[in-house]
Amino acid sequence: MTNQPQYVCIWLGLAKIGVVTALINSNLTSKPLSHCIRSALCKAVIFSDDLSTAVYDVKPELPEYIKYFQLGKSETPEGIINLKMSMQNVPNTVPIEHKIQHDDQFVYIYTSGTTGLPKAAIFPHSRFILVSFLSEDVLGITSDDVLYNALPLYHSAGGLVGVGAAIMTGATVVLRTKFSAANFISDCAHYKCTTALYIGEICRYLLAVPEKPTDKQHCLRMITGIGLRPIIWREFVERFNIPKVMEMYGSTEGNLLFVNYDNKIGAIGFIPQIIPKFFSRSIGAIIRVNPDTMEPVRGNDGLCIECDIDEPGMFIGIIPYENSVKKFHGYLDRAESRKKYLYDVFKKGDRAFVSGDLIMMDELGYLYFKDRTGDTFRWKGENVSTSEVEAIISSLLELKDCIVYGVEVGELEGRAGMAAIVEPSGTLDFDGLANSLKTSLPSYAIPLFIRLIPEVAITGTFKLKKTDLVKDGFNPSTIKDPLFFRNGSTYVPLTKELYEQIISGKIRV
């Protein structure tokens, strides 16, 4: 479902009777959508009118026992139950309450992780309680606050942190169906919002809107979220007169959760350096990794090595014991969960959750995000799985070899998608590819750039090499292979002039 109050009411009501709800990205269609429904072992699908076409399209591919409930229309096709009408025929008494345990599964939230199609991360009731307390005890939200939430409700930030503030504190949450840079500040002013949620891209979009005298005419005392780039941080808070930024760090499936509580520009959190090392390690640690393989660098004793001050490394969260609040709940796919474990970290027999993020700590203990590792990059506020995009492009092009990766575009947040496709002839049906990708992938996952290459390099273990391609970027002055840029509904040759316009921001991407 897209953003609407009914979305929250449905999963909250289901949770109270012990039903686990899988919160599926509303942008998904075709194979990724059917995969998400299958992988969560769903017995029913609840969907709103505006997403009915996507559900109808995948219904023939799914198990016959699945029931379908459509919220909205008075009439539905055969095999689809009208949820609104069926609710009128049931008693309004409270159902038998299910006895829910602390660690019972609450919802599944999908994350791209590092490889493959979206994976269902397990979010237990205990985690939701913890996140909800974060709103009250750390962010300081009270029943007097009005929180502006334009983030999608299928994400943990918008759907659980934002909603949790209302459930735990009694604060009012203002939902927007879809984020609008032009209306963000005016919405906050109109509804007298005191707090707003963001992701890094939102802040950049807001800065891109022409300045107006009303930019500072709002009641916001704080914004909180993930991914505000240090390079635009000061400009953002000064232009919109934001008194406090509570930058957070965390992941849906992980056991690392940090908040920049004291407005330190660029920081994602803080680990006090005055506390003993054995205790600070239990909060979070940064270990040295091989920059090419991202595997831990170990000392002569076989244990991991902590990074020095100002040295980027892999962020990990020690798992102290099974029932700890820092327990790693992982994914429904246990094989995928095992990939996130690291053993024999600081002593033999211990284990940790591997975040997949490169983090740096300064001499005072402030933490700074540096980069995302693995086969996932972030674009338009969404995680993009390269292997998923590779598989779809390859299937559309009669199984041609294809490498997908993220490239930096000037000072923009995240990395834009780029596909290196093996095409020795140097020709490709770009119109057909563009049209097919539009129906096969969410817009943020469609590669912005294409590079035609004669062949791919393969490692000794038969893995595609992409390190050199990532380093090359998309500069036509240094790359001899044909390059193309997605301009509207098709791809056009990437010239030096076009490249300069993209880098300078004259062409928005």
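To be clear, the structure that these remarks concern was listed above.
Residues numbered from 1 in each chain as written. Predicted model: local features only at pLDDT ≥ 70, side-chain atom pairs only at ≥ 80, totals over all residues. Heavy atoms only, no water.

A few words now on the pattern of salt bridges. When charged atoms on two side chains of opposite charge get close, those side chains can pair. Throughout the structure, instances matching the rule amount to 13 salt bridges. With a closest N to O distance of 2.6 Å, Arg-176 and Asp-187 form a salt bridge. Of this pair, Arg-176 sits in the loop between strand E8 (172–175) and helix H7 (184–190) while Asp-187 sits in helix H7, and the two are 11 residues apart along the sequence. In this structure Asp-187 comes out as buried when scored by relative accessible area, which is 14%. For the salt bridge of Glu-408 with Arg-415, the shortest nitrogen-to-oxygen distance reads 3.5 Å. Given a relative accessible area of 19%, Arg-415 falls into the buried group. Each of Lys-277, Arg-281 and Glu-306 takes part in a single network of salt bridges with overlapping partners. (Salt bridge = Lys/Arg side-chain N within 4 Å of Asp/Glu carboxyl O. Helix = DSSP H or I, 4+ residues; strand = E, 2+ residues; numbered from the N terminus. Buried < 20%, exposed > 50% of the residue type's maximum accessible area, 1.4 Å probe, protein only.)

Right, let's talk about the nonpolar core for a bit. Core analysis: the biggest nonpolar cluster contains 58 residues, and Trp-11 and Phe-236 have the highest contact counts within it. Residues in contact with Trp-11, not counting those within four places in the same chain, are Thr-21, Leu-23, Phe-106, Phe-128, Gly-159, Leu-160, Val-163 and Ile-167. Of all hydrophobic cores here, the second largest spans 47 residues; its members include Val-409, Leu-441, Ile-479 and Leu-498. (Core = buried A, V, L, I, M, F, W, Y, C linked by side-chain atoms within 4.5 Å. Contact = heavy atoms within 4.5 Å.)

Along the chain, the position of Ser-135 falls in helix H5 (residues 125–138). Given the relative accessible area of 1%, Ser-135 is considered buried.

The next subject is the sheet that holds E8. Spatially, E8-E7-E9-E10-E11-E12 is the arrangement adopted by the 6 strands of the open sheet, whose pairing is mixed. Each edge of the sheet is formed by a strand with only one pairing partner; in this case those strands are E8 and strand E12 (257–259). This sheet shows a mean twist of 20 degrees between the axes of neighbouring strands, independent of strand direction. With 4 bridges connecting them, strand E7 (residues 146–149) and E8 associate as parallel partners. Residue pairing for E8: Val-146 is matched across the bridge by Thr-172. (Pairing = 2+ DSSP bridges. Axes fitted to C-alpha atoms, helices over the stretch in contact; angles between N-to-C directions.)

It is worth spelling out the packing of aromatic side chains at this point. The description of an aromatic ring pair uses the distance of the two centres, along with the angle that the planes make with each other. What the rule picks out here adds up to 19 aromatic pairs. Between Trp-11 and Phe-128, the aromatic rings sit 5.9 Å apart at their centres with planes inclined by 85 degrees, giving edge-to-face as the arrangement. Remark: Phe-128 occurs in helix H5 and Trp-11 occurs in helix H1 (residues 5–16); sequence separation between them is 117 residues. The exposure class assigned to Trp-11 is buried, which follows from its relative accessible area of 1%. (Phe/Tyr/Trp six-rings, centres within 6.5 Å; stacked < 30°, edge-to-face > 60°.)

Let us look at the pairing of strand E3 (residues 67–71). For E3, the buried fraction is high: 4 of the 5 residues fall into the buried class. When strand E2 (residues 44–48) meets E3, the two strands line up parallel, connected through 5 bridges. Within E3, the position partnered with Ile-46 by the bridge is Phe-69. For the crossover that starts at E2, traverses helix H3 (residues 52–58) and ends in the parallel E3, the hand is right-handed. Of the pairings in the sheet, the one linking E3 to strand E4 (residues 81–82) comprises 2 bridges and is parallel in character. The partner of Gln-70 across the bridge, within E4, is Asn-82. (Right-handed = clockwise from strand over helix to strand, strands pointing away.)

Now for unusual backbone geometry. We note that Asn-241 has phi near 55 degrees; this positive angle belongs to a residue other than glycine. Even without a glycine there, the phi angle at Asp-310 is positive, about 65 degrees. Counting through the fold element by element, Asp-310 comes out in the loop between strand E14 (285–287) and strand E15 (313–318). A residue is classified by how much of its surface remains accessible, and Asp-310, at 47% relative accessible area, is partly exposed.

On to the sheet that holds E2, then. Read from one edge of the open sheet, 3 strands run E2-E3-E4, paired in parallel fashion. Whereas interior strands pair on both sides, the edge strands pair on one side only; in this sheet they are E2 and E4.

What follows covers the pairing of strand E5 (residues 105–111). Along any regular strand, the residues point their side chains to alternate faces of the sheet. Within E5, 6 of the 7 residues are buried, leaving the element largely enclosed by the surrounding structure. Pairing of E5 with strand E6 (residues 119–124), which is carried by 6 bridges, proceeds in the antiparallel orientation. Across the sheet, Thr-111 pairs through a bridge with Lys-119, a residue of E6.

Because each turn of an α-helix spans 3.6 residues, side chains separated by three or four positions end up pointing in the same direction. Buried residues of helix H9 (residues 230–240): Ile-232, Trp-233, Phe-236, Val-237, Arg-239 and Phe-240, and no others. Taken end-on, H9 shows its buried residues confined to a sector of 160 degrees, consistent with a single buried face. Of the exposed residues in H9, those oriented more than 90 degrees away from the buried face are Arg-234 and Glu-238. Positioned one or two residues after H9, Asn-241 has a phi angle of 55 degrees, which is positive. (Arc of directions from axis to C-beta.)

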